[in-house]
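# Understanding the architecture of this molecule
Here is what each chain is made of, one letter per residue.
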Amino acid sequence: MSPCEKYRARRHLPWKLGVQILKIVMITTQLILFGLNNQLVVSYKEENTMALKHLFLKDYSGVDEDDYSIAVYTQQDVKESLFYVMDQYSQLGRLSVGPISYAEDEDGQLLPLVICKEYYKRGSVEPSDEAYDIDSQLEEVCMSHDPTTADLWKTQNSSFFHLDFYRLVDIKITFQLKGINLQTVRSRELPDCYSFYVTITFDNQCHSGKVKIFLDIDSESSACRDWKISGTAQKNTHYLLVFDGFVILVCLTSAVLCTRSIVLAVGLLQRFSRFLHENYNRKVCEDDQSEFLNGWYVLVIVSDLLAIIGSILKMEIQAKSLTSYDVCSIFLGTSTLMVWVGVIRYLGYFQKYNVLILTMKAAFPKVLRFCCCAGMIYLGYTFCGWIVLGPYHEKFEGLSRVAECLFSLLNGDDMFTTFAQLKDKNTLVWVFSRAYLYSFISLFIYMVLSLFIALITDAYETIKNYQKEGFPLTDLHKFLREQKDVRVAEESSQTGVNVKYSVFCCCQRVPENDDVILIS
């Protein structure tokens, strides 16, 4: 029942429509404001990561080589890179151009840099004799480095840096830094204070002559303990908190109205079920039940709950009580997605726009069954590609990457690159890869994808024929048609028909067109 029909039938103002329009505007505005702030936070973290890589990694080019930042190949390069990290850490205050410094403990003492090396407990390797003797148990030895005693750590701990590379597994350097994100001042928000937990790993697990160097950063933001700022930042934060509170109020109103409609619809369904059972000794079919139980209301309620949770998290972030930007963005983004999808419900009241909704509804069961069958073949290709091509092709190194690569091929993307990047050092694998890729592309693009489109096209043609010739009548529609015929017969005996105009819907109220069911 559309808002116009509801107003003509019962003279009820379309409150839910007004609330939904207001909610769409407010939630979208809230999402944009939070997204702009979140972009500043993410860019600050990414730029700090890049800056720290340039500061602490010797000869870093600015681009990671693979999943690691840089690699070294000689013992001298390993030791120089190790000493470089500690030297740079000692001179951090004179080198860094950003507001970043050493972290302190509760007593105001600087937290030291900690170096740990992990190696096999005992071992000897003689490649020329094809002999080795290794104790697989690992040992770990650590030392700390205070930045104020930079001149003494090399001489006092010289034995620590004597490395047996055939036993060495990895070296990990960990330290903590503090920073302040001052760029949020430009957006009239209070800056956050950050703690950066930096880990630099020299990975020698492969013992292949290549030592990979990783730099990983975990960051935590918190409210600064002592701050003073002039301007409108604090006032702007208060305005945002009030706006978020109003969004929560609108979402609560929307959820209550939709819940009320569902409760009324369930009650009406029960009444109709009793009527059908008592008078015709029949049960309500699934199609008639779907007429009463509106799935759009469930979607709106779920989106309201997500928006409320996201707004609460956003208010906590604005108040510097939480730092869960990613969690908040997931809730706000999902709620906004559902809110805009819910707009389709109102477009569905127009016949030309309703084709999309009806086609999706009719095709969904068939498409779902078809995807289950095609998914079995897809999984088979995924596992086969991973085990055979994984060691020779970077796009097949992991199961998730294989699935993503095959999905790209399914849509016609990156075909030549996938063929060309395969290493042809193994002739058998190269021949297999050609048969594998050609069969997958031919099967899924020319058969599976075509059948998938055919299912949707068939549902679309069926809906178009129904719109021309009429939809099949269910028990509910037959009952409404009978009631309409009785009402028209009664009204035809009366003299004159008063035509009223709707101020809100701009359409005439003609009694004989009111064949609607009052369930929403």
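Please refer to the structure higher up on the page.
Residues numbered from 1 in each chain as written. Predicted model: local features only at pLDDT ≥ 70, side-chain atom pairs only at ≥ 80, totals over all residues. Heavy atoms only, no water.

With that out of the way, let us pick up the packing of aromatic side chains. Going through the model one piece at a time under the given rule, you end up with 19 aromatic pairs. Relative to Tyr-102, the ring of Tyr-89 lies with its centre 5.0 Å away and its plane at 70 degrees, an arrangement referred to as edge-to-face. Here Tyr-102 lies in strand E2 (residues 100-102) and Tyr-89 lies in helix H3 (residues 75-90), a separation of 13 residues in the sequence. Overall, the relative accessible area of 0% leaves Tyr-89 in the buried class. Judged by centre distance (5.2 Å) and plane angle (65 degrees), the rings of Tyr-381 and Phe-440 are edge-to-face. One end of the pair, Tyr-381, is in helix H10 (residues 354-389); the other, Phe-440, is in helix H13 (residues 427-469), with 59 residues separating them in the sequence. An identical accessibility class is assigned to Tyr-381 and Phe-440; each is buried. In this structure an aromatic cluster arises from ring pairing among Tyr-378, Tyr-381, Phe-396, Phe-432, Tyr-436, Phe-440 and Phe-444. (Phe/Tyr/Trp six-rings, centres within 6.5 Å; stacked < 30°, edge-to-face > 60°. Helix = DSSP H or I, 4+ residues; strand = E, 2+ residues; numbered from the N terminus. Buried < 20%, exposed > 50% of the residue type's maximum accessible area, 1.4 Å probe, protein only.)

In terms of nonpolar packing, the biggest core is built from 45 residues, with Phe-56, Ile-173, Phe-175, Leu-177, Val-198, Ile-200 and Phe-202 touching the most fellow members. With six residues, helix H2 (residues 15-56) is the single largest residue contributor to this core. Beyond its immediate sequence surroundings of up to four residues, Leu-177 is in contact with Leu-52, Phe-56, Tyr-89, Leu-92, Ile-100, Ser-101, Tyr-102, Ala-103, Tyr-194, Ser-195, Phe-196 and Val-198. Ranked by size, the runner-up nonpolar core spans 21 residues in total, among them Ala-374, Leu-406, Tyr-436 and Ile-441. (Core = buried A, V, L, I, M, F, W, Y, C linked by side-chain atoms within 4.5 Å. Contact = heavy atoms within 4.5 Å.)

Moving on, we get to the state of the cysteines. Per the stated rule, a full pass over the model turns up one disulfide. The residue that forms a disulfide with Cys-116 is Cys-142, at a sulfur-sulfur distance of 2.0 Å. Given an S-S torsion of about 110 degrees, the disulfide between Cys-116 and Cys-142 has right-handed geometry. A residue pair is termed long-range when its members are at least 10 positions apart, and Cys-116 in strand E3 (residues 113-126) and Cys-142 in strand E4 (residues 131-145) qualify at 26 residues. A relative accessible area of 41% means that Cys-142 is categorised as partly exposed. A disulfide-free cysteine, Cys-373 has its sulfur positioned 6.8 Å from the sulfur of Cys-372, the nearest such atom. On the basis of relative accessibility, which here comes to 55%, the residue Cys-373 falls in the exposed class. (Disulfide = S-S within 2.5 Å.)

These figures capture arrangement, not role.
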